[in-house]
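Structural overview
Listed here are the chains, written in short residue letters.
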Amino acid sequence: MFRCGIAYPRCRWILPLMLLFAIIFDLIAICAASGWVEDEAETHYASMWKQCRPIGRNKEWECKSLMAESWAKAVAALMIIGLIVLIVAFIISCMALCCNLIVGLLPVVGTLLFLAVILQFIALIVYPCKFSEQFIYEGHYDYTWAYGFGWGATVLMIGCGILFCCLPRYEDELSGIAKTKYLYESS
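Keep in mind that this is a model prediction, so the values were computed, not measured. Every chain begins its residue count from 1, and numbering advances along the sequence as written. Where totals are concerned, whole chains, interfaces and linings use all residues; where local detail is concerned, this predicted model gives features only for residues with pLDDT of at least 70, and gives and counts side-chain atom pairs only at 80 or more. Based on all heavy atoms of the structure, the side-chain values leave hydrogens and waters out of the count.

Quick word on the overall build of the chain
The following threshold applies: Under the DSSP-based scheme used, a helix requires at least four consecutive residues in state H or I and a strand at least two consecutive residues in state E, with every element numbered from the N terminus. Per-residue accessibility, obtained with a 1.4 Å probe over protein chains only, is compared with the maximum for each type, and a residue is labelled buried under 20%, exposed over 50%, and partly exposed between these values. Contact criterion: two residues are considered in contact whenever any of their non-hydrogen atoms come within 4.5 Å of each other.
Of the regular secondary structure elements, the chain holds 5 helices and 7 strands. Ordered by position in the sequence, the α and β elements of the chain form the string β-α-β-β-β-β-α-α-β-α-α-β. The buried share among the 187 residues of the chain stands at 37%. Expressed as a percentage of contacts within the chain between residues at least 6 apart in sequence, the contacts between residues at least 24 apart total 72%.

This is the structure we're talking about:
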């Protein structure tokens, strides 16, 4: 006989793990030295912090800080504040799910995640708009894997935020008190 059901107590460990992955993705996006953007000829790339171009024929790179631009400061601030809010949400989720089941903290974690999503969504939209506006006549630019990790963290936070807001309805299932409801049973 084969039974397929949802094991809610596993959510107690999976959701904080997903938030840990979102933190790692955010750290990769924020700290990536190879950049968020590069041009087709690979003669210009930019991260959240700086932009670099080769000088001369010996392929030495000259880098300038983007922090002189107000939009770059805003993007950096929004991404860092979003990461801090995500870390706080991770700590609260570990306290609420891993140590003891504290259902009252789950909507708080969901709210914090949605706040971090809003902050990072704004940063991830402002960066390409302002970067393209500044370097519009210099050719075509591609967004790299580091920028994608920023979006990956944001998508993970959206999904986890929805789950954290829905989990209080399933308190008995999370604690293991309720009987398992099978989605599929074969005999």
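Comments concerning a nonpolar patch on the surface
Definition in use: Exposure above 30% relative accessible area and the lack of any salt bridge qualify a residue for a patch; like charges then connect within 9 Å, and the nonpolar side chains Val, Leu, Ile, Met, Phe, Trp and Tyr within 5 Å. Where accessible areas are quoted, they stem from the Shrake-Rupley method and a 1.4 Å probe; at the residue level, only the protein chains shown are allowed to cover. Whenever a carboxyl oxygen of Asp or Glu lies within 4 Å of a side-chain nitrogen of Lys or Arg, that contact is scored as a salt bridge.
A surface patch of nonpolar side chains, about 310 Å² in accessible area, is lined by Leu17, Leu20, Phe21 and Ile24. Secondary-structure assignment places Phe21 in helix α1 (residues 11-31).

A few points about the packing of aromatic side chains
Quick note on the threshold: Any two rings among Phe, Tyr and Trp, with Trp reduced to its six-membered ring, count as a pair given centres within 6.5 Å; such a pair is stacked if its planes are under 30 degrees apart, edge-to-face if over 60, and tilted if neither.
Enumeration over the complete set of coordinates arrives at 6 aromatic pairs. Ring geometry for Phe121 versus Trp151: centroids 5.6 Å apart, planes at 85°, classification edge-to-face. In this pair, Phe121 is assigned in helix α3 (residues 106-134) and Trp151 in helix α4 (residues 145-166), connecting sequence segments 30 residues apart. According to the relative accessible area criterion, Phe121 is partly exposed, its value standing at 43%. Ring centres of Tyr143 and Tyr147 lie 5.0 Å apart, and the angle between their planes is 40°; on these two criteria the pair is classed as tilted. Residue class for Tyr143 comes out partly exposed when judged on its relative accessible area of 31%. What links up through ring pairs into an aromatic cluster is the set Phe121, Tyr143, Tyr147 and Trp151.

Here we look at the nonpolar core
Here is the rule: Remark: nonpolar core denotes a set of buried residues (Ala, Val, Leu, Ile, Met, Phe, Trp, Tyr, Cys) joined through side-chain atoms within 4.5 Å.
Membership of the largest hydrophobic core comes to 46 residues, with the highest contact counts inside it found for Leu19, Trp36, Val75, Met79, Leu113, Tyr127 and Phe164. For this core, the secondary-structure elements that each account for two or more residues are α1, α2 (70-99), α3 and α4. Per element, the largest residue contribution to this core is 14 residues, and it comes from α2.

Brief notes about the sheet that holds strand β6 (residues 141-143)
Stated precisely, the cut-off is as follows: Strands are treated as partners if at least two bridges between them are detected by DSSP. Fitting a line to C-alpha atoms yields each axis, with helices limited to the stretch in contact; the angle taken between N-to-C directions then spans 0 to 180 degrees.
Spatial ordering of the open sheet is given by β5-β4-β3-β2-β6, a layout of 5 strands whose pairing is antiparallel. The open sheet has two edge strands, β5 (60-65) and β6, and neither has a second partner. Relative to the sheet, α3 contacts β2 (37-39), β3 (45-46) and β6, its axis offset from that of β6 by approximately 165°.

Here we look at the UniProt feature "transmembrane region" (unreviewed entry) in the chain
Stated precisely, the cut-off is as follows: UniProt positions are given in the numbering used here, feature names are shortened, and annotations may be inferred rather than shown by experiment.
UniProt tags residues 12-37, 74-98, 105-127 and 147-167 as "transmembrane region" (unreviewed entry). Secondary structure across residues 74-98 comprises 100% helix and 0% strand; the distance between its end C-alpha atoms is 35 Å. End-to-end, the C-alpha atoms of residues 105-127 are 33 Å apart, and along that stretch the chain is 96% helix and 0% strand.

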